Amino acid sequence: MSLTRTADLPEHFDVLIVGAGLSGIGAACYLQREHPSKSYALLEGRGATGGTWDLFHYPGIRSDSDLHTFGYEFKPWTDKKSIAGADAILAYLRETAAEYGIDRKIRLHHKVHGAAWSSSDARWVVDVERTDTGERLKLSCRWLFCAAGYYRYDQGFTPRFEGTERFQGPILHPQHWPEHVDYKDKRVVIIGSGATAVTMVPAMAGAAAHVTMLQRTPTYIVSIPSEEWLAKVLRKVLPKAWAHALMRRKNIGMQRFIWRFCQRFPRAARRLIRWTNTRLLPKGYPVDEHFNPPYNPWTQRLCIVPDADLFKAISSGQASVVTDHIETFTEKGLRLKSGQELEADLIVTATGLNVQALGGIALSVDGAPVKLADRVAFKGMMLSGVPNFALALGYTNASWTLKVGLLCEHFCRLLAYMDAHGYTICNPELSNPAMPTRPLLDFAAGYVQRAIDSLPRQGDQSPWLMPMDYHADTRLLREDAVTDPHLRFSSHVQTATAPTPDATVTG
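Residues numbered from 1 in each chain as written. Predicted model: local features only at pLDDT ≥ 70, side-chain atom pairs only at ≥ 80, totals over all residues. Heavy atoms only, no water.

With that out of the way, let us pick up the pairing of strand β4 (residues 110-118). Taken residue by residue, a regular strand's side chains alternate between the two faces of the sheet. Pairing geometry for β4 and strand β5 (residues 123-130), over eight bridges, is antiparallel. If you follow Lys111 over to β5, its bridge partner there is Glu129. Connecting β4 to the antiparallel partner β5 that follows it, the hairpin turn spans four residues, and Ala122 within it adopts a positive phi of roughly 50°. Across four bridges, the pairing between β4 and strand β19 (residues 362-365) is parallel. For Ala115, the partnering residue across the bridge sits in β19 and is Leu363. (Pairing = 2+ DSSP bridges. Helix = DSSP H or I, 4+ residues; strand = E, 2+ residues; numbered from the N terminus.)

In structure tokens form, the structure reads like this:
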């Protein structure tokens, strides 16, 4: 049924962006720069901007990618540290939003529950909850851009452990870290071996009596400098934008080289990582027990530690690593399957995330629910059979934002093409429904594998293939035409005019 009376229409925008974190703010900047006349708003379910970097408060939280590539191409990263803490990243994001006027378009406490596409009206009607008041409202848009992240903000992942009720101390998950946690002179056990665990161990080691990282399986861990000498030199002799561009290009090339080297020469990569770890650990340390994973490098993401801080904490005796399985929690700590007892005053379950596609938004197209597992990603930014919908999906083998920046550019070019030709609907369609598919994120990390059946798929050939390669995506998203045989453009008959939103929307 077509919307025919203006009074019945919800507030309307050309583009609604879901999420005011790194991807959402970046998308808004690209959109405003390339299409200044288009109306848009950012809907943020939480009460603050910044996404991940505002949500997490655990000790030592920082990036695991350099900010020259993790930051925006258009906004130079000028902090002296390339591997930066959450405070610096959050300040960078909010400065960007203020500088480009994006902060005036953000609606805080606006959680999107669902969105329904109508082909007859060529628009989405979005179901929104005001999380501060409980009010439910509708907004509509021509395009819906989902930048809501890839995990649940309200719930981290903790596997079931036997005997947790017996432990007499606190058990905390990093995603729900309280404002004030006293761990001074206390024995801390951190369960996990991923990026969060290797960040928390050295951050807590200085104050705690001792910190133990308890892992089931080792992870590849690589030390890099937190400050890059080349960036320091370039900033002295070149304008900030030039220095940023050169550092970004250099680090993109380095990331790509390391990933390709690990893929092509996994045995050599394993030996090289083991050699560097051995040099950073005390003589005679059991490297193979604690830092030699049973899988090849980049089967899962490499963990970065700045300035060898984890290895320094271990070498100083302030921290240790135990590789074993938990049998049960006890009153005083943990009993492992080897029989070893780990006493603890505080246990941290750095056991991962719960992946949640599209921020949990329920989509429907002309009344039919969209089952994500039945959809195939088009150019890594749209979904088959879902018109006028884009999503921010980054890299797993390099800085997440590198891909997001390219797809935002492509999205803006796509809007320009539609405007120039009078199109109002853009829909990716599979010409061969029997095309072989595989998981969208071809990645062995536990948080991905737990959610793999609920995520969209990718195909075996372009434009349905996710190459996870910046140079390939540069050709596809920046240099190639926006048109494609699998992309259907059409126009609809306008039946009503929606009210125009105020240009200065605030949360």
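Continuing now.
Turning our eyes to something else, we now look at the packing of helix α1 (residues 22-34) against helix α11 (residues 400-421). Two elements in contact, α1 and α11, have axes whose closest approach is 9 Å; the angle formed by their N-to-C orientations is 35°. Regarding α1 and α11, the two cross each other, and that crossing is right-handed. Contact residues: Leu22, Ser23, Ala27, Tyr30, Leu31 and Glu34 in α1; Trp400, Thr401, Val404, Gly405, Cys408, Glu409, Phe411, Cys412 and Leu415 in α11. Counted by class, the contact of α1 with α11 contains 10 nonpolar, three polar and two charged residues. (Axes fitted to C-alpha atoms, helices over the stretch in contact; angles between N-to-C directions. Left-handed = near helix turned anticlockwise from the far one by under 90°. Contact = heavy atoms within 4.5 Å. Nonpolar A, V, L, I, M, F, W, Y, C, P; charged D, E, K, R; others polar.)

Below, the discussion takes up the sheet that holds strand β13 (residues 319-323). Strand pairs in the sheet, formed through backbone hydrogen bonds, run parallel or antiparallel to each other. Read from one edge to the other, the open sheet built from five strands follows the order β8-β17-β9-β10-β13, with strand pairing classed as parallel. The strands lining the two open edges of the sheet, one partner per strand, are β8 (171-172) and β13. Pairing of strand β9 (residues 187-191) with strand β17 (residues 346-349), which is carried by four bridges, proceeds in the parallel orientation. Within β17, the position partnered with Val189 by the bridge is Ile347. Contacts between helix α5 (residues 195-205) and the sheet are confined to β9, β10 (210-215), β13 and β17, with β10 contributing the most and set at about 165° to the helix.

Attention now moves to the side chain of His486. In this fold, His486 is placed in the loop between α13 (470-479) and β27 (487-490). Residue class for His486 comes out buried when judged on its relative accessible area of 17%. For His486, the side chain forms a polar contact with the side chain of Ser431, separated by 3.4 Å. (Buried < 20%, exposed > 50% of the residue type's maximum accessible area, 1.4 Å probe, protein only. Polar contact = N/O pair within 3.5 Å; in protein donor to acceptor, adjacent residues only side chain to side chain.)

Right, let's get into the side chain of Asn251. Tracing the chain through its elements places Asn251 in helix α7 (residues 240-264). The class for Asn251 is buried, based on a relative accessible area of 6%. There is a polar contact of 2.7 Å between the side chain of Asn251 and the side chain of Lys250. Residues contacting Asn251, with those up to four places away along its chain left out, are Asp66, His68, Thr69 and Glu228.

This next bit is on unusual backbone geometry. Residue Pro463 is reached from Ser462 by a cis peptide bond, and omega for that bond is 5°. Looking at where Pro463 falls in the secondary structure, it is placed in the loop between β26 (457-458) and α13. In this structure, Leu358 takes a positive phi of about 60° despite not being glycine. Topologically, Leu358 is positioned in the loop between β18 (353-355) and β19.

Here the focus is the pattern of salt bridges. According to the stated counting rule, one finds 24 salt bridges in the structure shown. We note a salt bridge from Asp54 to Arg46, for which the minimum N-O separation is 2.9 Å. With a relative accessible area of 13%, Asp54 lands in the buried category. Where Arg260 meets Asp469, a salt bridge forms, and the shortest distance between an N and an O atom there is 2.8 Å. Pair noted here: Arg260 is in helix α7 and Asp469 is in the loop between β26 and α13, with a separation of 209 residues, a long-range link. (Salt bridge = Lys/Arg side-chain N within 4 Å of Asp/Glu carboxyl O.)

Here α1 is 13 residues long and its end C-alpha atoms lie 19 Å apart, about the 18 Å a rise of 1.5 Å per residue gives. For α1, the tally of buried residues reaches 10 of 13 residues, placing the bulk of the element in the interior. Inspection of α1 places Leu22, Ser23, Gly24, Ile25, Gly26, Ala27, Ala28, Cys29, Tyr30 and Leu31 among the buried residues, and these make up the whole buried set. Here the buried face of α1 lies against β1 (11-18), β2 (40-43), α3 (67-70), α4 (86-99), β6 (136-146) and α11. (Expected span 1.5 Å × (residues − 1).)

The values are spatial; any link to function lies outside them.
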